[in-house]
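Descriptive analysis of the structure
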Amino acid sequence: MIELIRNPNIDFLGKRNIAFFISGIFVIIGIIAIVQISTGRANLGIDFAGGTAIQLKFERHIALQAVREALESSGLRDFDLQDLPTENKVLIRVKTTEQELGQVSASITDIISQKLPDHQYVVDSTMVIGPKVGGRLRADAAKAVAMAVIGILIYVAFRFQFKFGVGATVAAFHDILVVLGIFFLSGKEINLILVSALLTIFGYSLTDTVVVFDRIRENLKLRQRDSVERVMNGSINEVLSRTIITTLTLLLTSIALFFFGGEVLHDFSLAIIIGIIVGTYSSVFVASPVVLLWGGKKPFAKK
Amino acid sequence: MKKKVLWKLILINVTFLLSVIFFIPNTPLLPHMPEWWKKTMPSRGIVLGLDLQGGLHLVFEVEGDKAVEITTERIAARLKDLFAKKNLTAEVATEGLSIAITPSAADIRKAVEDNYPILAPVETASRLVYKISGKESQRIKDTATDQALETIRNRIDQFGVAEPTIHRQGENEIVVQLPGVKDPKRAIDLIGKTAQLEFKLVDDDAKVAAELPQSIVPGEEEELKRQFAGKIPEDTEILFEKRVNKETGAVRKIPLLVKKQASLTGDLLSDAKVNIDSRFSEPYVSLSFNAAGGKLFEEVTGANVKKRLAIILDNTIYSAPVIQEKIAGGNAQITGSFSMEEARDLSIVLRAGALPAPMKMLQNVTVGPSLGRDSIEAGKIAGIIGTIAVIIFMILYYRVSGVIADFALFLNIILLLGAMAALNATLTLPGIAGIILTIGMAVDSNVLMFERMREELRAGKTPRAAVDSGYKKAFWTIFDSHVTTLITAAVLFQFGTGPIKGFAVTLSLGVSINLFTALIGTKSIFDIINSRRELKKLSI
């Protein structure tokens, strides 16, 4: 029998102050990120901010500078470029403009064709989002996260107790904030795909937390004489190897996705990878301590 | 073997077989299947989303206010006729969405309100101002969206796209999805064109017409209009003809003074066809008017010989030929150095008719076919590598039990693909990610069971007892943890559009199937092993 850790006996809850401190910092960054996103100051994707994104695939290598000069000399303003040199791809993004929607992408391809006639290309993808749709998608995303939070709160409160619901939701929300904060700090694009990654992280984090809670519930019944904190610590230790192994298998697939899944899923899988790690941490260091903190004074029903 | 286990085995085999049958259309095997198979068995399988097969996803907003404005103008024109017939002297002018009539006399008011009950008075003091009533304008907007939808459907049908999706969204939006379109720009032009065809007389008699510049460069149109505002006769306007120099590609705009009132409009057409000019071998669009249109065309041309008649589409002049003589027979042509494709698209929009109001593009997501192909390839590779990594890890860590978990994983993948094929679910790029993540998550249920079994073994139980109680104790944990993921997947499905919906579908199917394979699949294998003989040792 291979075992990662034999009979672990770590005092997880005793380290809750350190955990709360570290988590607190990240959560604050996450909250700042949300504020910045809602005021439109973060690096929002075209789907949220509105505008035009067009990805060109050139036949051979092209210097980003050449594309920049061609566009600038034609009077295009407020655009940014990003390239994928290994595949000769260039992504041109133009945020909100006064020009009629749809005209922007046409004029970009016209400019490239005229100014850089030696560089043959195909249009890989175009995304044009009107400001109205962008606002709607933002609102939808916020609504979705809220709905997920409420749904989980209800389910966990129903299956366990309300304080467990709070603990699970706080932990999962913590994970979303941490990943969002990291993406915000590193200037990565915040878009719809990231939101679906966040909701997935939310789900996985809960899975981890529920497994821990389940054991706590079971042990509360078995070890009535022990203090709640001891029961919690013991339960976390008991499921620790499962937590680690599942995290590993999930990491294996998401790392495969990160390296081989293609450009479009790159940031998505990065978010998932960070989220899985943070989710594992939070199910151990955040969820149970929050339950203890929230409902520690009241008796734990040993149902 | 116990009966219960037998039933489980049958269930597993049947679902496995069904999955394979449903998934066959997505494999290269389908063309090699016998005739009877192709006829009777499922043939559609998993559908690729727009992001994977390439295509367009467009959202348009029908500008309902414009439709109301057009109706308002039409009523104003009819009011003038009405007053003339009744010998009433009154000035009628339209101001955006309202009609202003002076003077405010009782008989005029009665005439208006008797004939047009849909008009609601806004002002009655010094002059009469009417607006189309709220309820009626709502109806006009509603009809405009429906008509636009119908017109777009007609245009796309004639353009020829396999499996387009066109539907209304909300109050005034139209969603168009066109998979596999090669020339997205052309398709967007074709759909978004209002295609309001008008024939207007050119006013060369007005003095100011001679003051207009020969031509201007694009972008100066508004400036020129501002310059001449107030100078041109009230019943005229300045429109532009676009001329492209064939050698240099330079675009010039030629301003023309035309009558505001159209002599004829596109709704009088009965057909539009592409023809090739025999002299220059250039395509042009020939128009046929219906009976009423033909008669009107004859009258207009007859009364205006030697004058120019501008042919205008969406406020752009295509050509303005001089009327040589009265034209009977109801035929006309639109020339204007078209390419074959342009001429064909123009004839399509003219045949399908004009949109009742202009549309604004709200959203356009276009994916080229090569990006989709690359994405599928990348997804396959990532999936295979991820799966192999998990399989190896499980065997290394859990030995024989790991093999059992891997078997459950394999079953999980097959059933997931089968279920998606059976539902004709749409596979999107995030959906592929969902499948790959499901693979990582699939072993979780088994890990939960195995860890529990190990604990039971450590506590000194026999292998069989350890399996049974490990399974029993893990059951609710597995159930609870899966339901939480299902809740988030449901939320994703609810809120997501296109690609993200696809993700939610694979995620939720994956989780549900995972419950099945773990609770039925793995357990029955342990049962079979245990039923032969009592195991001394459990390889876990």
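Residues numbered from 1 in each chain as written. Chains lettered and ligands numbered in written order. Predicted model: local features only at pLDDT ≥ 70, side-chain atom pairs only at ≥ 80, totals over all residues.

In this section: the overall build of chain A. When you go through chain A residue by residue, the secondary structure sums to ten helices and four strands. Reading the secondary structure of chain A in the N-to-C direction produces α-α-β-α-β-β-α-β-α-α-α-α-α-α. Along the first, second and third principal axes, the C-alpha atoms of chain A reach 80 × 45 × 30 Å. Taken across its 303 residues, chain A has 48% of its residues classed as buried. In chain A, of all internal contacts separated by at least 6 residues, the share reaching a separation of at least 24 is 78%. (Helix = DSSP H or I, 4+ residues; strand = E, 2+ residues; numbered from the N terminus. Buried ≥ 20, exposed ≤ 12 C-beta atoms within 10 Å, placed from the backbone. Contact = placed C-beta atoms within 7 Å.)

Time to look at the overall build of chain B. The number of helices and strands found in chain B is 14 helices and 19 strands. For 540 residues, the compact-globule estimate of 2.2 N^0.38 gives 24 Å, and the C-alpha radius of gyration of chain B, at 35 Å, exceeds that figure by more than 25%. In terms of overall dimensions, chain B has C-alpha extents of about 110 × 60 × 45 Å along its principal axes. Expressed as a percentage of contacts within chain B between residues at least 6 apart in sequence, the contacts between residues at least 24 apart total 70%. (Rg over C-alpha atoms; globule rule 2.2 N^0.38 Å.)

The subject of this paragraph is the domain arrangement of chain B. Taken domain by domain, chain B consists of domain 1 (3-54 + 368-532), domain 2 (65-133) and domain 3 (193-366). One C-alpha centre belongs to domain 2 of chain B, the other to domain 3 of chain B; they are set 30 Å apart. (Domains from an automatic or database assignment.)

Next up on the list: the sheet that holds strand β3 (residues 91-95) of chain B. All names here are of chain B. If you trace the four strands from one edge of the open sheet to the other, you get β3-β4-β6-β5, paired in antiparallel fashion. The open sheet terminates on both sides in strands that have one partner only, identified here as β3 and β5 (119-123). Neighbour-to-neighbour, the strand axes of this sheet turn through a mean angle of 30°, independent of strand direction. The sheet contacts of helix α4 (residues 64-85) involve β3, β4 (98-102) and β6 (128-132), and relative to β3 the element is tilted by about 175°. Set on the sheet, helix α5 (residues 106-115) makes contact with β4, β5 and β6; between it and β6 the angle comes to about 10°. (Pairing = 2+ DSSP bridges. Axes fitted to C-alpha atoms, helices over the stretch in contact; angles between N-to-C directions.)

Residue and element names in this part refer to chain B. For the peptide bond that leads from Thr102 to Pro103, omega is -5°, which places it in the cis range. Of note in this structure, Asp314 is not a glycine but carries a positive phi near 50°. Along the chain, Asp314 turns up in the loop between β15 (309-313) and β16 (316-319). A count of 14 C-beta atoms within 10 Å places Asp314 in the partly exposed class. In this structure, Arg399 is a non-glycine residue whose phi angle is positive, near 55°. Take Arg399: it is sitting in helix α11 (residues 369-422). Assessed through the 15 C-beta atoms surrounding it within 10 Å, Arg399 is described here as partly exposed.

Counting residues at the interface gives 57 residues for chain A and 57 residues for chain B. Contributing elements (two or more residues each) for the side of chain A that touches chain B: β4 (121-129), α5 (131-159), α7 (192-222), α8 (228-260) and α9 (266-285) of chain A. Ranked by the residues each element gives to the side of chain A that touches chain B, the list is headed by α8 of chain A, at 13 residues. Across the side of chain A that touches chain B, the residue classes break down as 33 nonpolar, 16 polar and eight charged. (Nonpolar A, V, L, I, M, F, W, Y, C, P; charged D, E, K, R; others polar.)

Take the domain arrangement of chain A next. Looking at the assigned domains, one finds that chain A contains domain 1 (13-43 + 133-295) and domain 2 (51-129). Distance from the C-alpha centre of domain 1 of chain A to the C-alpha centre of domain 2 of chain A: 38 Å.

The biggest cluster of nonpolar side chains holds 228 residues, and the ones touching the most others in it are Ala168 and Leu198 of chain A together with Ala310 of chain B. Looking at this core element by element, the count peaks at 18 residues for α11 of chain B. (Core = buried A, V, L, I, M, F, W, Y, C linked by C-beta atoms within 7 Å.)

Residues and elements named next belong to chain A. Across the eight residues of strand β1 (residues 51-58), six count as buried, placing the element largely inside the fold. Note: β1 against strand β3 (residues 89-95), seven bridges, orientation antiparallel. For Ala53, the partnering residue across the bridge sits in β3 and is Arg93. With eight bridges connecting them, β1 and β4 associate as antiparallel partners.

Every buried residue belonging to helix α10 (residues 287-295) of chain A is among Ala287, Ser288, Pro289, Val290 and Val291 of chain A, and all of these are buried. If you follow the buried residues of α10 of chain A, they end up packed against α1 (16-38), α6 (162-185), α7, α8 and α9 of chain A.

The subject of this paragraph is the packing of helix α6 (residues 134-159) of chain B against helix α10 (residues 340-352) of chain B. Residue and element names in this part refer to chain B. α10 packs onto α6 with a crossing angle of 140° between their chain directions and a minimal axis gap of 9 Å. The angle between α6 and α10 falls in the class oblique. The handedness of the crossing between α6 and α10 is right-handed. Contacts between α6 and α10 pair Thr151, Asn154, Arg155, Gln158 and Phe159 from the former with Ile348, Val349, Arg351 and Ala352 from the latter. Classifying every residue of the contact of α6 with α10 gives four nonpolar, three polar and two charged. (Parallel < 35°, antiparallel > 145°, perpendicular 65-115°, else oblique. Left-handed = near helix turned anticlockwise from the far one by under 90°.)

For the rest of this paragraph, the subject is the environment of Gly329 of chain B. Along the chain, Gly329 of chain B falls in the loop between β16 and β17 (331-334). Once the C-alpha coordinates of Gly329 of chain B and Gly293 of chain B are considered, the two residues, 36 residues apart in sequence, prove to be 10.0 Å apart.

What follows concerns the environment of Thr89 of chain B. Its place among the elements puts Thr89 of chain B in the loop between α4 and β3. In sequence terms Thr89 of chain B and Glu123 of chain B are 34 residues apart; their C-alpha atoms lie 19 Å from each other.

Residues and elements named next belong to chain A. A rise of 1.5 Å per residue sets the reference length of α8, with its 33 residues, at 48 Å; its end C-alpha atoms lie 45 Å apart and thus fit the reference within 8%. Considering bend angle alone, the principal kink of α8 is centred on Val239 and spans about 45°. Following α8 by one or two positions, Gly262 has its phi on the positive side, about 95°. (Expected span 1.5 Å × (residues − 1). Bend = angle between axes of the 7 residues up to and from the residue.)

Pairing in this open sheet of eight strands is antiparallel, and the strands run β2(A)-β3(A)-β1(A)-β4(A)-β18(B)-β2(B)-β8(B)-β7(B) from one edge to the other. Looking at strand neighbours, the two that pair on one side only are β2 (79-84) of chain A together with β7 (165-169) of chain B, the edges of this open sheet. Along the sheet, successive strands turn relative to each other by an average axial angle of 20°, direction set aside. The pairing of strand β2 (residues 55-62) of chain B with strand β18 (residues 359-367) of chain B spans eight bridges and is antiparallel. Of the residues in β18 of chain B, the one forming a bridge with Leu56 of chain B is Thr366 of chain B. Along the sheet face, helix α3 (residues 64-73) of chain A touches β2 and β3 of chain A and points at about 155° away from the line of β2 of chain A.

The next subject is the environment of Val258 of chain B. Relative to the elements of secondary structure, Val258 of chain B occurs in strand β11 (residues 251-259). C-alpha separation for the pair Val258 of chain B and Leu201 of chain B, spaced 57 residues apart in sequence, amounts to 5.7 Å.

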